[in-house]
Amino acid sequence: MSAHRTDDAPSADPGRREFCRRTAAVGGGLVLALTLPALADRTPSRARAGGGQLNAWLKIAADDSVTILVDRSEMGQGVYTALPTLLAEELEIDLAQIKVIAAPVGDAYVNALNGGQITGTSNSVQDAWERLRTAGATARVMLIAAAAQVWRVDPSECRAKNGRISNAHGKSLSYGQLAEAAAKMPVPKQVKLKPREEFRLIGTSLPRLDTAGKVDGSAEFGLDVKLPGMLYASIAQCPFLGGKALSVDAAAAQASPGVRRVLPTASGVVVVADHFWQALKARRALKITWDPGANARLDNAAVWATLKKTAGANAGLPARKEGDAAAALKSAQRTVEAVYELPLLAHAPMEPMNCTADVKADRCDLYVGTQVQQMAQAAAAAAAGLPPERVNVYTTLLGGGFGRRLDVDFIPAAVEASKAMGAPVKLIWTREDDMTHDTFRPPALEEISGGIDSAGRLIAWKLHITSPSITARFDPTSKDPFDSVVEYALNYPYGVPNIALTYSRQEIGIDVGYMRSVSHAPNCFVIESFMDELAAAASKDPLEFRLGLLAAKPRHARVLKEAAQRAGWGHAPPGRFLGLALMEGYTTHLAQVAEISLEGGALKVHKITCVVDCGQMVNPRIVESQIESGIVFGLTAALWGEITIRAGQVQQTNFNSYRMLRSNELPELDVHLITSGETPGGIGEPAVALVAPAVCNAIFAATGKRLRSLPISAHGLA
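**Q** Is there a simple way to explain the overall build of the protein in this structure?
**A** Tallying secondary structure elements over the protein gives 19 helices and 27 strands in all. The C-alpha radius of gyration of the protein comes to 27 Å, within 12% of the 27 Å expected for a compact globule of 718 residues. Here the protein holds 718 residues, and 59% of them are scored as buried. Expressed as a percentage of contacts within the protein between residues at least 6 apart in sequence, the contacts between residues at least 24 apart total 76%. Of the roughly 28000 Å² of accessible surface on the protein, 51% is carried by carbon and sulfur atoms. Averaged over its 74 positive side-chain charges, the protein has a centre that lies 1 Å from the centre of its 72 negative ones.

What follows is the structure, encoded as structure tokens:
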């Protein structure tokens, strides 16, 4: 996908205007604007705020090329292949014929499941499952109608296949030949979608559409954007979280080669130069006096003291209540209690934050890798002093999102710099900027207890979570107990008669953000680690203990049994130890088994087995890749992930101090995908969450030591 500028003035329908402009080069043909049915009856009421309809744009040109607009950001998860596959399946074309264009900003492209034009919560395929298949089927019906009109036959005598319409008399026309006539056909109100047994593309491991561009270098990420007359910028931000600049001596920086200007902005001091290296060198020459603000004494000890104080003094808001957990705990023959701690984490995408802005008198063009096009537009509009409809957002490929690009804090400074310079400006954060000014995954203190009766049955389960709120950053007045930091715990899967889940919100003075697997990773670590504690207290095997609580959850039980069988549960090789974990997240069911060894206190993860039931798969190889990616992401965080703050400053600055899993440390990954006809589930995030509990449960099997905090590297395992 390439970004291009336009001098067109914004219209009442920017989506149609932009789509038509960017496909004009391929000539006339069928431009299909479809108002597709919302998923209203399957969308939670609190997620519907952004609107209920999506316009899918499809163009078939006279040269038989097909262009579709994809309204979700591509950050490696495969939406530029999966979503076109849905349309191609019903349109009866080869996936390789399709050209993908990123959607502009518009309410038409709102994800009804997220309540905004947002790529997140692993639901891109879920949201598009019926919509894009309907788009393809509608276009197919219109092409058939056009061919039938040409041949003067009934449409029932015509069929679509491989980009052509043919009839029983041996006549055939390509879609390109029919496109102009098809564009004049009435849009059918209803179309019939293929049954699963007739799928030709869906469920097949087709090559990704974006691979070639990433191999030959033609794929455009934010860092690749180049515009005529473009300048480069680097930004000096306060090293104290929440601080600001008091004074700036820019003389030396201003005199540096290539420097055009030093600009104070709302988020830091920006140096604009002809080239980025010039801007960065000059930035290092700035002499800035910083005001550390309220966080001058903030450190990890203060964060944990605050969370513990609130947890001890606050019963929390009830989020889920079944039966009477308090009474059941009192009557239980044995109770088990534990406190778990989850650290601050950085997103650490490979491509650091960057944004290119081109501000004119009457508009702003924004070139950015973002997961939130509407928020990006609003942030740029505010910085430029323009109405939002005067800001065009061109979404590039994202070199990693992980939730970091759900924030737009890196956009305003680029816009302010471009406006001041009267030229396009690309603002680039360094790795150190990215690491120390992240919107970190919030820490959490999770107090959990369970009650077991005389028969070894789990009769009570109670969890109290104390954490800063991510949701409240976007709505400070929110008192919703269904906060994003407790979401997975709400779906506690085990059949226990008495359940109590409560949440205490406690802010810590810094911004926190959504991170890949959001609540699932911390909640699953606690829930699945504690399930092993409960199994031990009940003198039961961890696998059998879980299965005894899953009688009403056959999909959960199946993945758990298959993972255990594939991993050789109960038959670990000599010197090896196994641990397991189970989760349903993003409507996908997963189980993982970790196989580890310990030699002289050194942990080695040899193998991770993962069995996945994500419903109907669009592209199994993409699913497998995302599961593998999630495991690597989760293992990295489990082993080493932790952000430490000292005197208000983040101590980790790059990958030498914020450790990544290396190639030689990668365990064997055995991913098994269950074939299913259920509605598609999400696959970008869920595998992350199970790694930590599976590995920690294996560590207990090896050492008898319970790890109730992360990262694992902080514990001595000898």
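**Q** Where do I start with the sheet that holds strand 22 (residues 577-585) in this structure?
**A** Where strands meet in a sheet, backbone hydrogen bonds hold them as pairs that are either parallel or antiparallel. The strand order 22-23-24-27 describes an open sheet built from 4 strands, whose pairing is mixed. Of all the strands in the sheet, the pair left with one neighbour each is strand 22 and strand 27 (668-673). Ignoring strand direction, the axes of neighbouring strands in this sheet form an average angle of 15°. The pairing of strand 23 (residues 588-599) with strand 24 (residues 602-613) spans 11 bridges and is classified as antiparallel. Within strand 24, the position partnered with Glu595 by the bridge is Lys607.

**Q** Would you take a moment to explain the packing of helix 18 (residues 620-640) against helix 19 (residues 686-703) for this structure?
**A** How two helices sit against one another is set out by the angle between their axes and by the gap between those axes. Packing of helix 18 against helix 19 leaves a shortest axis separation of 7 Å and a crossing angle of 45°. Of the possible angle classes, the one that applies to helix 18 and helix 19 is oblique. By crossing handedness, the relation of helix 18 to helix 19 is classed as right-handed. On the side of helix 18, the interface is formed by Ile627, Gly630, Ile631, Phe633, Gly634, Leu635 and Ala638, while helix 19 contributes Ala687, Val688, Val691, Ala692 and Val695. Tallied by class, the residues present in the contact of helix 18 with helix 19 amount to 10 nonpolar, 2 polar and no charged.

**Q** Looking at this structure, I do not really get helix 19. What am I missing?
**A** Each turn of an α-helix holds 3.6 residues, which means side chains three or four residues apart point in the same direction. For helix 19, the buried fraction is high: 14 of the 18 residues fall into the buried class. Positioned one or two residues after helix 19, Gly704 has a phi angle of 75°, which is positive.

**Q** Would you take a moment to explain the confidence of the model for the protein for this structure?
**A** Low pLDDT means the predicted atomic positions in that stretch should not be read closely. With 91% of its residues at a pLDDT of at least 70, the protein reaches an overall mean of 92. Counted against residues more than four places away or in other chains, residues 1-14, with its pLDDT under 50, gives 45 contacts. Note on residues 35-55: pLDDT is under 50 here. Beyond four places in sequence and across chains, it has 48 contacts.

**Q** I tried to follow the packing of aromatic side chains on my own but got confused; where do I start?
**A** The way to describe two aromatic rings as a pair is by their centre distance and the angle between their planes. All chains considered together, the criterion is met by 6 aromatic pairs. With 6.2 Å between their ring centres and 90° between their planes, Trp129 and Phe199 make a pair best called edge-to-face. Here Trp129 is found in helix 3 (residues 124-151), whereas its partner Phe199 is found in the loop between helix 4 (175-182) and helix 5 (211-216), with 70 residues between them in sequence. The class for Phe199 is buried, based on a relative accessible area of 17%. Taken together, a centroid distance of 5.6 Å and an interplanar angle of 90° make the contact between Tyr340 and Phe525 edge-to-face. Taken as a pair, Tyr340 in strand 14 (residues 334-342) and Phe525 in helix 15 (residues 520-537) lie far apart in primary sequence, 185 residues in all. Of the two residues, Tyr340 and Phe525, neither departs from the other in class, the shared state being buried. By the ring-pair criterion, three or more aromatic residues cluster together here, those being Trp461, Tyr492 and Tyr494. Residue placement shows Arg133 over the ring face of Trp129; its charged tip is 4.1 Å from the ring centre. One residue, Arg659, lies across the ring of Trp640, its end atom 3.9 Å from the ring centre.

**Q** I tried to follow the pattern of salt bridges on my own but got confused; where do I start?
**A** As a working rule, side chains carrying opposite charge can pair if their charged atoms are close by. Overall, the coordinates contain 33 salt bridges when judged by the stated rule. Taking the shortest distance from any N to any O, the salt bridge between Arg200 and Glu92 comes out at 3.4 Å. Of this pair, Arg200 sits in the loop between helix 4 and helix 5 while Glu92 sits in the loop between helix 2 (79-91) and strand 4 (98-102), and the two are 108 residues apart along the sequence. The class of Arg200 is partly exposed, set by a relative accessible area of 33%. Among the salt bridges present, the one from Arg566 reaches Asp670, with a minimum N-O distance of 3.0 Å. Remark: Asp670 occurs in strand 27 and Arg566 occurs in helix 17 (residues 554-567); sequence separation between them is 104 residues. For Asp670, a relative accessible area of 15% gives the class buried.

What counts, and where the lines are drawn
Residues numbered from 1 in each chain as written. Predicted model: local features only at pLDDT ≥ 70, side-chain atom pairs only at ≥ 80, totals over all residues. Heavy atoms only, no water. Helix = DSSP H or I, 4+ residues; strand = E, 2+ residues; numbered from the N terminus. Rg over C-alpha atoms; globule rule 2.2 N^0.38 Å. Buried < 20%, exposed > 50% of the residue type's maximum accessible area, 1.4 Å probe, protein only. Contact = heavy atoms within 4.5 Å. Areas by Shrake-Rupley, 256 points an atom, 1.4 Å probe, with all protein chains shown as cover. Lys, Arg positive; Asp, Glu negative; His and termini not counted. Charge placed at Lys NZ, Arg CZ, Asp CG, Glu CD. Pairing = 2+ DSSP bridges. Axes fitted to C-alpha atoms, helices over the stretch in contact; angles between N-to-C directions. Parallel < 35°, antiparallel > 145°, perpendicular 65-115°, else oblique. Left-handed = near helix turned anticlockwise from the far one by under 90°. Nonpolar A, V, L, I, M, F, W, Y, C, P; charged D, E, K, R; others polar. pLDDT = per-residue confidence, 0-100. Phe/Tyr/Trp six-rings, centres within 6.5 Å; stacked < 30°, edge-to-face > 60°. Lys NZ or Arg CZ within 6 Å of the ring centre and 35° of its normal. Salt bridge = Lys/Arg side-chain N within 4 Å of Asp/Glu carboxyl O.

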